[in-house]
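The primary structure of each chain is shown beneath.
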Amino acid sequence: MMRLYRTPALADAATEQLRTTAEGTVARTIPSLETEWCYYIDTLKPLNEPELQVLGWLLAETFEPENYASESFLRGAKTVLEVGPRLNFETAWSSTAVSICHRCGLGSIRRIERSTRFSLPVSLTRAQQTAFLNLVHDRMTEMHYPRPIDS
């Protein structure tokens, strides 16, 4: 399972609104909040360099390629929480992404799912983590990933 990252996942205004809401309901002080998307890519075989370049072209923001990488942008955080689709079904987003990949010559890609990662500079208790997660996801269609998925 390959993982690629793009930051930010949320617009600045949405991130600030979430930070303010969390500060009122989760913890007294949350000085900052950062977000990123994590793309989980399942392939039939490892991608070669030209295929990785095509995939990067598809996933990276056209005008901000520096916000796309093979490693997380959320370094040094005390708390990182990740929310993504439930793994027992393929999302419509994934079906479309895979179809686009296949049309671009990336036939070995089986599935791509996108999760959202949140970085907080404060340590949260388990109860506070649950309160934050309740703010950011729909329990019917999404789930918390306590660690990166590997299959």
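Keep in mind it's a predicted model, so treat the numbers as computed, not measured.

Asker: What should I look at first to understand the pattern of salt bridges in this one?
Answerer: Any two side chains of opposite charge can pair if their charged atoms end up close together. Per the counting criterion, the structure on display carries eight salt bridges. As a salt-bridge pair, Glu-36 and Arg-117 come within 2.6 Å of each other at their nearest N and O atoms. Here Glu-36 is found in strand β2 (residues 34–43), whereas its partner Arg-117 is found in strand β5 (residues 109–120), with 81 residues between them in sequence. According to the relative accessible area criterion, Glu-36 is buried, its value standing at 0%.

Asker: Which parts of the structure should I look at to understand helix α2 (residues 49–59)?
Answerer: For an α-helix the count is 3.6 residues per turn, leaving residues at separations of three or four pointing the same way. For α2, the set of buried residues is Glu-51, Leu-55, Gly-56 and Leu-59. Looking straight down α2, one finds that the buried residues subtend no more than 140° of arc, so they occupy a single side. Away from the buried face of α2 by more than 90 degrees, exposed residues Pro-50, Gln-53 and Trp-57 are located. Along its buried surface, α2 packs onto β1 (2–6), β2, β3 (68–69), α3 (92–103) and β5.

Asker: Any chance you could explain the packing of helix α1 (residues 12–25) against helix α4 (residues 126–136) here in plain terms?
Answerer: Pairs of packed helices are described in terms of their axes, by the angle between the two and the distance that separates them. Look at α1 against α4: their axes get within 10 Å of each other, and the N-to-C directions meet at 140°. Between α1 and α4, the crossing angle belongs to the class labelled oblique. Of the two elements, α1 crosses α4, and the hand of that crossing is right-handed. Here Leu-18, Thr-21, Ala-22 and Thr-25 of α1 come into contact with α4, specifically with Phe-132, Leu-135 and Val-136. Residues of the contact of α1 with α4, tallied by class, amount to five nonpolar, two polar and no charged.

Asker: Got a minute to help me understand the packing of aromatic side chains in this structure?
Answerer: Between two aromatic rings, the relevant description is the distance of the centres plus the angle of the planes. Within the structure shown, the criterion is met by three aromatic pairs. Seen from their ring centres, Tyr-39 and Trp-93 are 6.0 Å apart, and the 25° between their planes marks the pair as stacked. On the criterion of sequence distance, the pair formed by Tyr-39 in strand β2 and Trp-93 in helix α3 is long-range, its members being 54 residues apart. Residue Tyr-39 is classed as buried on the basis of its relative accessible area, which comes to 2%. A ring pair is formed by Phe-118 and Phe-132, whose centres lie 5.4 Å apart and whose planes are at 75°; its orientation type is edge-to-face. In this pair, Phe-118 is assigned in strand β5 and Phe-132 in helix α4, connecting sequence segments 14 residues apart. According to the relative accessible area criterion, Phe-132 is buried, its value standing at 0%. The positively charged end of Arg-114 is found above the aromatic ring belonging to Trp-37, 4.1 Å away from the centroid.

Parameters at a glance
- Residues numbered from 1 in each chain as written.
- Predicted model: local features only at pLDDT ≥ 70, side-chain atom pairs only at ≥ 80, totals over all residues.
- Heavy atoms only, no water.
- Salt bridge = Lys/Arg side-chain N within 4 Å of Asp/Glu carboxyl O.
- Helix = DSSP H or I, 4+ residues; strand = E, 2+ residues; numbered from the N terminus.
- Buried < 20%, exposed > 50% of the residue type's maximum accessible area, 1.4 Å probe, protein only.
- Arc of directions from axis to C-beta.
- Contact = heavy atoms within 4.5 Å.
- Axes fitted to C-alpha atoms, helices over the stretch in contact; angles between N-to-C directions.
- Parallel < 35°, antiparallel > 145°, perpendicular 65-115°, else oblique.
- Left-handed = near helix turned anticlockwise from the far one by under 90°.
- Nonpolar A, V, L, I, M, F, W, Y, C, P; charged D, E, K, R; others polar.
- Phe/Tyr/Trp six-rings, centres within 6.5 Å; stacked < 30°, edge-to-face > 60°.
- Lys NZ or Arg CZ within 6 Å of the ring centre and 35° of its normal.

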